[in-house]
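An overview of the molecular structure
Letter by letter, the chains look like this.
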Amino acid sequence: MANAPYQTLELITAELKKRAEAGDWETAAQIAVQLGAQLQPGRFPAATPSDRAAIEASLAHIAAITERAGPLHTDIACLLKAFGPAQPEK
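Residues numbered from 1 in each chain as written. Predicted model: local features only at pLDDT ≥ 70, side-chain atom pairs only at ≥ 80, totals over all residues. Heavy atoms only, no water.

Section: the side chain of serine 58
Along the chain, the position of serine 58 falls in helix H3 (residues 52-83). Those residues in contact with serine 58, other than ones at most four positions away along the chain, are Leu9, Glu10 and Thr13. (Helix = DSSP H or I, 4+ residues; strand = E, 2+ residues; numbered from the N terminus. Contact = heavy atoms within 4.5 Å.)

Overview of the packing of helix H1 (residues 4-21) against H3
Packing of H1 against H3 leaves a shortest axis separation of 8 Å and a crossing angle of 25°. Classified by the angle between their axes, H1 and H3 sit roughly parallel to one another. As H1 packs across H3, the resulting crossing turns out to be left-handed. In contact with Tyr6, Gln7, Leu9, Glu10, Thr13, Ala14, Leu16, Lys17, Ala20 and Glu21 of H1, H3 contributes Ala54, Ile55, Ala57, Ser58, His61, Ile62, Ala64, Ile65 and Arg68. Taken together, the residues of the contact of H1 with H3 sort by class into 11 nonpolar, 4 polar and 4 charged. (Axes fitted to C-alpha atoms, helices over the stretch in contact; angles between N-to-C directions. Parallel < 35°, antiparallel > 145°, perpendicular 65-115°, else oblique. Left-handed = near helix turned anticlockwise from the far one by under 90°. Nonpolar A, V, L, I, M, F, W, Y, C, P; charged D, E, K, R; others polar.)

Some words on the packing of aromatic side chains
A complete count under the given rule lists 1 aromatic pair for this structure. Between tyrosine 6 and phenylalanine 44 the ring centres are 5.0 Å apart and the planes differ by 50°, which places this aromatic pair in the tilted class. Here tyrosine 6, found in helix H1, pairs with phenylalanine 44, found in the loop between helix H2 (25-38) and H3; they are 38 residues apart in sequence, far enough to count as distant. (Phe/Tyr/Trp six-rings, centres within 6.5 Å; stacked < 30°, edge-to-face > 60°.)

Here's the deal with H2
Helix length check: H2 (14 residues) gives 19 Å between terminal C-alpha atoms against 20 Å at 1.5 Å per residue, within 8%. When H2 is considered as a whole, its buried residues turn out to be Ala28, Ile31, Leu35 and Gln38. Summarising the axial view, the buried residues of H2 lie within an arc of 65°, below the 170-degree limit, and thus occupy one face. Projecting away from the buried face of H2 at angles above 90 degrees are the exposed residues Glu26 and Val33. Buried residues along H2 sit against H1. (Expected span 1.5 Å × (residues − 1). Buried < 20%, exposed > 50% of the residue type's maximum accessible area, 1.4 Å probe, protein only. Arc of directions from axis to C-beta.)

A few points about the nonpolar core
In this structure, Leu9, Ile12, Leu16, Ala20, Ala28, Ile31, Leu35 and Ile65 together form the largest nonpolar core, which totals 8 residues. Contributing elements (two or more residues each) for this core: H1 and H2. No other element matches the 4 residues that H1 contributes to this core. Ignoring any residue separated from it by four or fewer positions in sequence, one finds leucine 35 in contact with Leu9, Ile12, Thr13 and Leu16. (Core = buried A, V, L, I, M, F, W, Y, C linked by side-chain atoms within 4.5 Å.)

This is the structure in structure tokens:
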């Protein structure tokens, strides 16, 4: 069984992935704040072999969230370009 901080990390990233897949970005953002608090230096003990599965699952959740958020990022950029303030010429 994984150490508690790694279990918590897995649970938070799983919930974040679930909300992202559902398109509930507002709740996902709130969960991301929790994740940020969890990832503070010194909060995790040195990983042991029993932590490996939780770490791998957390990384898989983060990869899935990133993949899901990519098109959203592009959509927001297009909306800002179309309807946002004029951008200075480069």
